[in-house]
Amino acid sequence: MPEAQIAQAVQLLDLMLEHFADDGHWTRGRYDDGNGGHCLVGAVLHLSRKHRLPKAPAIALLQDAMPRPGLPLVHFNDTCCASAAELRSIILRARRVADDHGEQERAAAAAKTWLLAQIKKKRAAPPTDVMETAPNQPFRSERLAA
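Predicted model, so just to flag it, every value in this text is computed and none were measured. (Residues numbered from 1 in each chain as written. Predicted model: local features only at pLDDT ≥ 70, side-chain atom pairs only at ≥ 80, totals over all residues. Heavy atoms only, no water.)

Chemist: Quick question: what am I supposed to make of the overall build of the chain here?
Modeler: A count of helical and extended segments in the chain gives six helices and zero strands. Secondary structure elements in the chain, listed N-terminal to C-terminal, are α-α-α-α-α-α. The burial tally for the chain puts 29% of its 146 residues in the buried class. When the accessible surface of the chain is split by element, carbon and sulfur atoms take 55% of a total near 10100 Å². (Helix = DSSP H or I, 4+ residues; strand = E, 2+ residues; numbered from the N terminus. Buried < 20%, exposed > 50% of the residue type's maximum accessible area, 1.4 Å probe, protein only. Areas by Shrake-Rupley, 256 points an atom, 1.4 Å probe, with all protein chains shown as cover.)

If you want it as structure tokens, here you go:
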């Protein structure tokens, strides 16, 4: 995930933490309860629309933060999540996942820069002449004793 997308996803996750700071803003069984309460996915949809932030990167990070791989966000919210505090902990875990992705992105960029510099250095080196590095005498065939 590009660093710009990670930054937007973190911004959306921070907005979600603010939203769910009030336990009364969490609901189950529907995206929006009509009184300002949202489920996990409903909050992503509502806040991404309200603040014009892309929802897909935040959803991907939340999915990576789930306690079991492949656990759908809606199922987690409605069945597995015991409290708003647990919901906030998943959002915080998603933020840590985002930090890990950002660190991986920076490390990959640094490795790419280093490799390109090595290639450039190797291309700039004068070519070696095979005749200069070859031995002066021809190879002798030797038989190994059995």
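Alright, that's what it looks like, and here's the rest.
Chemist: It is not clear to me how helix α2 (residues 40-51) should be interpreted in this structure. Could you clarify?
Modeler: For an α-helix, the turn length of 3.6 residues means that residues three or four places apart are oriented alike. Look at α2: 16 Å from first C-alpha to last across 12 residues, which is about the 16 Å you get at 1.5 Å a residue. Of the residues making up α2, those classed as buried are Leu40, Val41, Gly42, Ala43, Val44, Leu47 and Ser48. Positioned one or two residues after α2, arginine 52 has a phi angle of 55 degrees, which is positive. (Expected span 1.5 Å × (residues − 1).)

Chemist: It is not clear to me how the nonpolar core should be interpreted in this structure. Could you clarify?
Modeler: Here is a general trend for soluble globular proteins: nonpolar side chains tend to be buried in one another's company. By size, the foremost hydrophobic cluster in this structure holds 33 residues, and its most contacted members are Met16, Leu40, Leu62, Phe76 and Ile91. The greatest single-element share of this core, amounting to eight residues, is contributed by helix α1 (residues 3-19). Residue contacts for leucine 40: discarding those within four places in its chain leaves Met16, Phe20, Leu62, Met66, Leu73, Phe76, Asn77, Leu87 and Ile91. (Core = buried A, V, L, I, M, F, W, Y, C linked by side-chain atoms within 4.5 Å. Contact = heavy atoms within 4.5 Å.)

Chemist: So what exactly am I meant to see when it comes to the packing of α1 against helix α3 (residues 56-65) here?
Modeler: Two measures define how a pair of helices packs: the angle their axes make with one another and the distance between the axes. It is the contact of α1 with α3, at a shortest axis distance of 8 Å, that shows an interaxial angle of 75 degrees. Judged by the angle between their axes, α1 and α3 are roughly perpendicular. Of the residues in α3, those touching α1 at Gln5, Ala9, Leu12, Leu13 and Met16 are Pro57, Ala58, Leu61 and Leu62. Residue classes in the contact of α1 with α3 are distributed as eight nonpolar, one polar and no charged. (Axes fitted to C-alpha atoms, helices over the stretch in contact; angles between N-to-C directions. Parallel < 35°, antiparallel > 145°, perpendicular 65-115°, else oblique. Nonpolar A, V, L, I, M, F, W, Y, C, P; charged D, E, K, R; others polar.)

Chemist: How should I be thinking about α1 in this particular structure?
Modeler: Taking 1.5 Å of rise per residue, 17 residues should cover 24 Å, and α1 covers 24 Å from first to last C-alpha, within 8% of that figure. Turning to α1, its buried residues are Ile6, Ala9, Val10, Leu12, Leu13, Leu15, Met16, Leu17 and His19.

Chemist: Explain the pattern of salt bridges to me, please; I cannot follow it from the model alone.
Modeler: Any two side chains of opposite charge can pair, so long as their charged atoms come close to each other. Enumeration over the complete set of coordinates arrives at two salt bridges. Two residues, arginine 95 and aspartate 14, come together in a salt bridge whose shortest N-O distance is 2.5 Å. Taken together, the residues span a long stretch of sequence, with arginine 95 in helix α5 (residues 84-124) and aspartate 14 in helix α1 at a distance of 81 residues. The class for arginine 95 is partly exposed, based on a relative accessible area of 22%. Judged by its relative accessible area of 28%, aspartate 14 falls in the partly exposed class. Put simply, arginine 88 and aspartate 23 hold a salt bridge, and the shortest N to O gap is 2.8 Å. Of this pair, arginine 88 sits in helix α5 while aspartate 23 sits in the loop between α1 and α2, and the two are 65 residues apart along the sequence. (Salt bridge = Lys/Arg side-chain N within 4 Å of Asp/Glu carboxyl O.)

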